[in-house]
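Observations on the model geometry
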Amino acid sequence: MSNQTPVGRYFDVQGGRLYAHVREGEGPTLVFMHYYGGSHRTWRPVVEQLDASQPFVSYDHRGWGQSTAVAGPYDMKQLADDTQRVIEDLGCTSYVLVGHSMGGKVAQLVASRRPDGLEGIVLVGPATPGPVGITPEWQEAVKHVYDSVGAVEQAIDGLLTNRPLSDELRRQICEDSTRPGEEVRWAWPLHGAVEDISAGLDAIEVPALVLAGSHDKVSPPETLREHLLPKISEADFVELEDIGHLSPLEAPHDVAAHISEFITTL
């Protein structure tokens, strides 16, 4: 019998503790990893659409959400190590990685290590495994995209979404995006996004699902088709109509439905 109410929990990792929401239960555990600027709260609307008995863990990457006290490094290797530590501490013997944007790149790296118990991966508007279109100008712009609430508001409307969000969700995004310090906010554009993890992706042998928003300006469908899909042999690709980059917030019902369907095929 599972406890169907998610509970808050901390997981020990190198240099501190990561905060997470956890629901235990039967079947593969969904391991949710959020985007650059998000937190475990980003996945809440999706989780609420899943079956109430579906086990999951949704945690804050080091430096983000309620894990801001955890020191760096904040590179891909460390974030992937953190993921595996959470999974190990939770005692998962069967799980599916679900990564959004930056979290999607973390999921790719973890999956390339072929860890025990991994059943599949779901990549939601994921970052590409190698740098695509990254220039010094892009890095400088992204460094400052979360400098203030006003800057975040501009990013929500001009870059991150295609569908309007509720005032509550906009406040959540502003809080999550401005909470970390500069070192954390700069780590992705200066380091994480530039890291090339492509070489290991041919080791991924589990089923994969890639969800792409048709109006995603951060991870456009055509970019994912060209720079990600050829590297993951078992991947299915689904384009979500009229959705931007923040599909877990813009279309949580659709994202949850595709995740649930994917789990049934494993």
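Just so it is clear, the structure is predicted and the values come from calculations on it, not from any experiment.

Now for the overall build of the protein chain. The helix and strand tally for the protein chain stands at 10 helices and eight strands. Over its C-alpha atoms the protein chain spans a radius of gyration of 17 Å, differing by no more than 12% from the 18 Å that the globule rule assigns to 266 residues. With the C-alpha coordinates aligned to their principal axes, the bounding extent of the protein chain is approximately 50 × 35 × 35 Å. Across the protein chain, every contact between residues at least 6 apart in sequence was considered, and the portion connecting residues at least 24 apart equals 76%. Counting only carbon and sulfur atoms, one obtains 46% of the accessible surface of the protein chain, whose full area is about 11100 Å². One way to put it: in the protein chain the 20 positive side-chain charges average out to a point 5 Å from where the 39 negative ones average out.

So, on to the environment of W186. Relative to the assigned elements, W186 resides in helix 7 (residues 182-192). A sequence separation of 153 residues divides W186 from M33, and the C-alpha atoms of the two residues are 19 Å apart. In contact with W186, other than residues within four places in its own chain, are K143, H144 and H191.

Right, let's talk about the packing of aromatic side chains for a bit. All told, the structure shown has five aromatic pairs when counted by the stated rule. Where Y36 meets W64, the ring centres are 5.5 Å apart and the plane angle is 80°; that geometry is what we call edge-to-face. Linking Y36 in the loop between strand 3 (29-33) and helix 1 (44-47) with W64 in the loop between strand 4 (56-59) and helix 2 (76-90), this pair joins segments that are 28 residues apart in sequence. Owing to a relative accessible area of 2%, W64 belongs among the buried residues under this scheme. Members of the aromatic cluster, connected to one another through ring pairs, are F32, W43 and F56. A cation sits over an aromatic face here: R17 above Y10, 4.3 Å from the ring centre. K143 extends its terminal NZ or CZ atom over the ring of W186, reaching a point 4.0 Å from the ring centre.

So, on to the sheet that holds strand 1 (residues 7-13). One key point about sheets: their strands pair by backbone hydrogen bonds, in either a parallel or an antiparallel sense. On the basis of which strands lie adjacent, the open sheet formed by eight strands has the order 1-2-4-3-5-6-7-8 and mixed pairing. Each of the sheet's edge strands pairs with one partner strand only, and the pair in question is strand 1 and strand 8 (235-240). Averaged over neighbouring strand pairs, the angle between their axes works out to 20° when direction is ignored. Sheet topology places strand 6 (residues 118-124) next to strand 7 (residues 208-213); four bridges connect them, and they run parallel. Directly across from L123, in strand 7, lies its bridge partner V210. Along the sheet face, helix 10 (residues 252-265) touches strand 3, strand 5 (95-100), strand 6, strand 7 and strand 8 and points at about 165° away from the line of strand 7.

Let's shift gears to the nonpolar core. For soluble globular proteins, the rule of thumb is that nonpolar side chains tend to be buried together. Y36, V57, L97, I121, Y146, I173 and I232 are the most contacted members of the largest nonpolar core, which totals 61 residues. Core analysis: the next-biggest nonpolar cluster, separate from the first, contains 21 residues, F32, V47, I243 and A251 among them.

Once that is clear, we can look at the side chain of S214. By secondary structure assignment, the location of S214 is in the loop between strand 7 and helix 8 (221-227). Among the polar contacts made by the side chain of S214, one reaches the main-chain amide nitrogen of D242 at a distance of 2.7 Å. Residues contacting S214, with those up to four places away along its chain left out, are P221, E239, L240, E241, D242 and I243.

All right, on to the pairing of strand 5 then. Of all six residues in strand 5, six are buried; the element is thus mostly enclosed. As paired strands, strand 5 and strand 6 are joined by six bridges and run parallel to one another. Pairing of H100 across the sheet is with V124, part of strand 6. Handedness of the β-α-β unit built from strand 5, helix 3 (residues 102-112) and strand 6 comes out right-handed.

Analysis parameters
- Residues numbered from 1 in each chain as written.
- Predicted model: local features only at pLDDT ≥ 70, side-chain atom pairs only at ≥ 80, totals over all residues.
- Heavy atoms only, no water.
- Helix = DSSP H or I, 4+ residues; strand = E, 2+ residues; numbered from the N terminus.
- Rg over C-alpha atoms; globule rule 2.2 N^0.38 Å.
- Contact = heavy atoms within 4.5 Å.
- Areas by Shrake-Rupley, 256 points an atom, 1.4 Å probe, with all protein chains shown as cover.
- Lys, Arg positive; Asp, Glu negative; His and termini not counted.
- Charge placed at Lys NZ, Arg CZ, Asp CG, Glu CD.
- Phe/Tyr/Trp six-rings, centres within 6.5 Å; stacked < 30°, edge-to-face > 60°.
- Buried < 20%, exposed > 50% of the residue type's maximum accessible area, 1.4 Å probe, protein only.
- Lys NZ or Arg CZ within 6 Å of the ring centre and 35° of its normal.
- Pairing = 2+ DSSP bridges.
- Axes fitted to C-alpha atoms, helices over the stretch in contact; angles between N-to-C directions.
- Core = buried A, V, L, I, M, F, W, Y, C linked by side-chain atoms within 4.5 Å.
- Polar contact = N/O pair within 3.5 Å; in protein donor to acceptor, adjacent residues only side chain to side chain.
- Right-handed = clockwise from strand over helix to strand, strands pointing away.

Keep in mind that these numbers describe shape and distance, not what the molecule does.
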